[in-house]
Amino acid sequence: MSDEIHIPILRLGEEYRSLDTVELEAGTDGKIFTHTANPGLIRRDLLGIEKSQTALNAIPSDTLAGYCEQAAELFLNEELPVGDGTQGPQDYVEALSALTKLPHTLVRMNMGKIHAAMSQIRTVIGGLTRNLPLELFDRGLSSLGELEVNYYPVTEALGVSLPSNAPAVNSLWLPAPVLKIPVLLKPGREDPFTPLRIVQALIAAGFPKEAFGFYPTTHEGGDTILMCCGRGIAFGSDATVQKYAGFPSIQVHGTGRSKVLLGADYADKWEDHARTLVESISANGGRSCINTSAILVPSGREELADAIARQLAVIEPLPRDHEEALLCGFSNTEWAGSINDLIDQHLKVEGAEDVTARYRSGSRLVEMHGQTYLRPTLVSCADSGHPLANTEFMFPFASVSEIPQERMLDEIGETLVVSAWTEDPDWIRQLMNSPDIERLNIGPFPTNRVQWEQPHEGNLFEFLYRRRAIQGNLAAVS
Amino acid sequence: MSCDLNVEEARAALDERVRESMKWHFSPETGCPYWLDRAAGLGFDPIAEVACFADMQKFPNFDDEVLRKEDPARFIPKAYEGQPYNVFETGGTTGMPKQRIGWEDYKTDYSEFSDHYAADFFPQGGNWLMVGPTGPRRLRLSIEHLANRRGGACYFIDLDPRWVKRLISDGEYAMARKYQEHVIDQAVTIIRHRNIQCLFTTPKLLESLAERMSLVNAGIKGVFAGGTTMTPQYVRFIEEEVLEGRINYAPTYGNTLMGLAISRKREPGEYSLTYYAPQPRAVLRIVDPDDATRDVEYGEYGRVELTTMTKEFFVPRFLERDEAIRREPCGEFPWDGVGDVRPFQSGTKQVIEGVY
């Protein structure tokens, strides 16, 4: 790679260099520039989206799934185009780490997740469609026993506004081009590399380049992608959820507030699984919406909090290229300070203690290895209504609250993942009926456990396709 | 508007205009009640002590709240007393609007603008369509005058920016989009059913219009646009894609207080815009935001300061809500230009602009 990397726009496959560029803070000798798409440029590309659909429709979906499987290997192992040059896997790891402050270990872990999603794309799609054959996307028809079913696409394209802090979320849009829906991507400011690498791998494997738009752009450009594509996916905070609440065509992946609920039958058994709780809080640097941010116990709060805090506190910042690095630095150091201040402010509200402070060496906010870190933090809350009891931050942070099992479901609020540690059949049925839970794990599992055949935050297939009643003589299309 | 003077001659003409303006606006026989009353509190005698443009620094920056609070009639120069006048309001604000009055200034400005462009740039005799804020704005009469001066008629589609701003502040994004579609629908109808060759609109509406139809195929020959930031990339996009590289494009910078500043000719492949005020009637300076008496160096960003000096209206040293790069005089315009205009401090804080 040269010292200066220019990341151009891909206008439905065609490279375009904008006169508006953004220099990213890579903190290295080399410079990285993204080329910014103006919103009108994106809308004009959408006027020609029919060509993208035609290009995808010319290839059987089964073939596209095969391309995706091949692309998984290219993504993981090969040199792929970036601007005028190419980028190998190690270049990608180093460049992404420099921009996002993710340690190399976590970039590689995220690469592994993306690779798994690509290589298991048939399993993923099977999970979404309940194993309808892929020919459905070639013919629009499929048979369920004696019954013919007809699905039609409800959008010409899927727009996705991606975050910077979690490369693996790119796996969520991956099925779309195999389902013959073109995708328009707005990369997160600090992570232009991951979606671009995936797109280049898919094109190199055989996908028509017209199927992909890649638009580094402004907030207005992001809104354009989400609102002008018939379907959009956005990632963000509660504010993002609120912003797009009036747009049913936009699915927002907001704050996770994922939780572990200990049933009364597990109140004395958690010690065997303490490591699971620690990993559930700290995996991926605690940056994912599926990391545990709250643990609810029916009793024994102090003992559990002390034991988990003791293990979390030993996780120390390490250099980004260290083989055991787990914590992420903050690319925006002001955020780290603001988060730290907010936690300290809330700790002044009676009934909460930062239990990790007993064991960590030094302050929560720390400058080390040329970066700003927040050390893992576990807060024990006497009251589940405490402001720190049901919140989420971009580092390993969790609360422990004590609450009777029968009240837990009334108090959890909207929660992305619940891991309910219980074998109580009545409570399991109540958990399965709860409208507040998006993903449910039963048993002593971490919240960040992902099974590819299970949909994540809504079913992408049902988001992109709708079933229509069809009957009569279908011989001509069978 | 372009002139044959050199830089020194243009500066001398400006100084002469300053002396004339002081005498006009601060003499009881010709001046308006507002400025005659204001003179008492200035601490200097404008007629005696403001003899060149550099002396304008003696005036403090003009507070545009005055244009909300004062009765516009207090700005009628004695010399215009009894003559019917127009009241114009500024663009997209809510609440009590800022108002200025005028008689012939808009005709002067737009006649000069027309004379700047060759007969085929906006074809002589061609009809115009204005799509944008009409209502109480000077622009509406100005565009019609421009069309008439070039031998054509002008059609209008109104867009109320105050309503758009309210929709957006209320979070009614879907309704805002629907309103824009309503505006574009009307424009498309007029273009399809009347012989329109020239357009005035905002860049964003221009984009939307071109998403609905090829403006080249619709017979449009020239487009005059202003009202929002146009980065070099944006200008390139408009010219290459929206106008398909085949329609003349005249980007301008202007407002109700100034009139309009024309952008100088550009070389092929050059997309950075530099605007030149209609000097000596109006002067644009690029000043240090922390010390508005100081010009920034050429090539540097600073805040835009406007001084308007016509017989109808006088505004000294008004700080615009824009910043721009100070650019050198050029052959067409032998005075300072303002380049790549953008909202003031848009580099350091988020600014909502260009709602229409």
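Each chain has its residues counted from 1, following the order in which its sequence is written. Here chains are named by letter from A upward and ligands by number from 1 upward, in the order in which they appear as written. This being a predicted model, a pLDDT of at least 70 is required before a residue's local features are given, and a value of 80 or more before pairs of side-chain atoms are given or counted; all residues contribute to the totals for chains, interfaces and linings.

Moving on, we get to the overall build of chain A. Where helices and strands are cited, they refer to DSSP runs of H or I of at least four residues and of E of at least two residues respectively, numbered from the N terminus. Of the regular secondary structure elements, chain A holds 17 helices and 24 strands. To assign burial, the other C-beta atoms lying within 10 Å of each residue's own C-beta are counted, with C-beta atoms placed from the backbone; 20 or more indicates buried, 12 or fewer indicates exposed, and intermediate counts indicate partly exposed. Scored against the burial criterion, the 478 residues of chain A give a buried share of 51%. By definition, residues are in contact whenever their C-beta atoms, placed on the basis of the backbone, come within 7 Å of each other. Considering only contacts within chain A whose residues lie at least 6 apart along the sequence, 74% involve residues at least 24 apart.

By our criterion, buried Ala, Val, Leu, Ile, Met, Phe, Trp, Tyr and Cys residues that link up through C-beta atoms within 7 Å make up a nonpolar core. In terms of nonpolar packing, the biggest core is built from 214 residues, with L158 and V183 of chain A touching the most fellow members. Note that domain bounds follow an automatic or database assignment of domains. Shared between two domains, this core takes at least three residues from each, and those domains are domain 1 (4-254 + 457-477) and domain 2 (258-442) of chain A.

Turning next to the domain arrangement of chain A. Residues and elements named next belong to chain A. When its domains are assigned, chain A resolves into domain 1 (4-254 + 457-477) and domain 2 (258-442). Placing a centre on the C-alpha atoms of domain 1 and another on those of domain 2 gives a separation of 31 Å. Contacts between the two partners involve 15 residues from domain 1 and, on the opposite side, 19 residues from domain 2. Sorting the residues of the side of domain 1 that touches domain 2 by element identifies α4 (89-100) and α5 (104-119) as the ones contributing at least two each. With four residues, the single largest contributor to the side of domain 1 that touches domain 2 is α5.

Residue and element names in this part refer to chain B. Helix length check: helix α1 (residues 7-25), at 19 residues, gives a terminal C-alpha distance of 27 Å against a target of 27 Å (1.5 Å per residue), a fit within 8%. Those residues of α1 that fall on the buried side of the exposure criterion are L14, V18, S21, M22, W24 and H25. Down the axis of α1, the smallest arc covering the buried residues is 160°, so these residues share one side. More than 90 degrees from the buried face of α1, the exposed residues found are E8 and E9. In the core, the buried residues of α1 are packed alongside α2 (33-39), α3 (46-49), β10 (282-288), β12 (301-309) and β13 (314-327). Take the number of residues in a helix, subtract one, and multiply by 1.5 Å to get its expected span. The arc refers to the directions leading from the helix axis to the C-beta atoms.

Residues and elements named next belong to chain A. Here, strands pair whenever DSSP counts at least two bridges between them. Taken together, three strands build an open sheet; the order of strands is β8-β9-β24 and the sheet is antiparallel. For this open sheet the edge positions go to β8 (141-144) and β24 (465-468), each flanked by a neighbour on one side alone. Each strand axis lies, on average, 35° off the axis of its neighbour in the sheet, ignoring direction. Note that strand β9 (residues 147-153) and β24 share four bridges and pair antiparallel. Paired with N150 across the strands is R468, a residue of β24. Angles run from 0 to 180 degrees between N-to-C directions of axes, and those axes are lines fitted to C-alpha atoms, restricted for helices to the stretch in contact.

Another aspect to go through is the interface of chain A and chain B. Where interface size is quoted, it is often the accessible area lost as the parts come together. At the interface, ten residues of chain A touch eleven residues of chain B. In this classification, Asp, Glu, Lys and Arg are treated as charged, Ala, Val, Leu, Ile, Met, Phe, Trp, Tyr, Cys and Pro as nonpolar, and every other residue, Gly included, as polar. Across the side of chain A that touches chain B, the residue classes break down as three nonpolar, four polar and three charged.

Moving on to the sheet that holds strand β23 (residues 437-442) of chain A. Residues and elements named next belong to chain A. Spatial ordering of the open sheet is given by β17-β20-β21-β16-β15-β22-β23, a layout of seven strands whose pairing is mixed. Every other strand in the sheet has two partners, leaving β17 (352-354) and β23 as the edge strands with one partner each. The sheet shows a mean angle of 20° between the axes of neighbouring strands, direction not considered. With four bridges connecting them, strand β16 (residues 292-297) and strand β21 (residues 397-402) associate as parallel partners. Of the residues in β21, the one forming a bridge with A294 is S399. Packed on one face of the sheet, helix α12 (residues 274-282) meets β15 (258-262), β16 and β21 and runs near 145° to β16. Sheet strands in contact with helix α16 (residues 425-432) are β22 (415-421) and β23, and its direction is about 155° off that of β23.

With that settled, consider the packing of helix α1 (residues 39-47) of chain A against helix α10 (residues 219-228) of chain A. Residues and elements named next belong to chain A. Interhelical geometry of α1 versus α10 gives an angle of 20° and a closest axis separation of 8 Å. Relative to α10, the element α1 is oriented roughly parallel. Considering the relative orientation of α1 and α10, their crossing is right-handed. From α1, P39, I42, R43 and L46 reach across to α10, where they touch E220, G221, T224, I225 and C228. Partitioned by chemical class, the residues of the contact of α1 with α10 number five nonpolar, two polar and two charged. Should an angle lie under 35 degrees it is considered roughly parallel, over 145 roughly antiparallel, and from 65 to 115 roughly perpendicular; all remaining angles are considered oblique. Handedness of a crossing follows from how the near helix is turned relative to the far one, being left-handed for an anticlockwise turn of less than a right angle and right-handed for a clockwise one.

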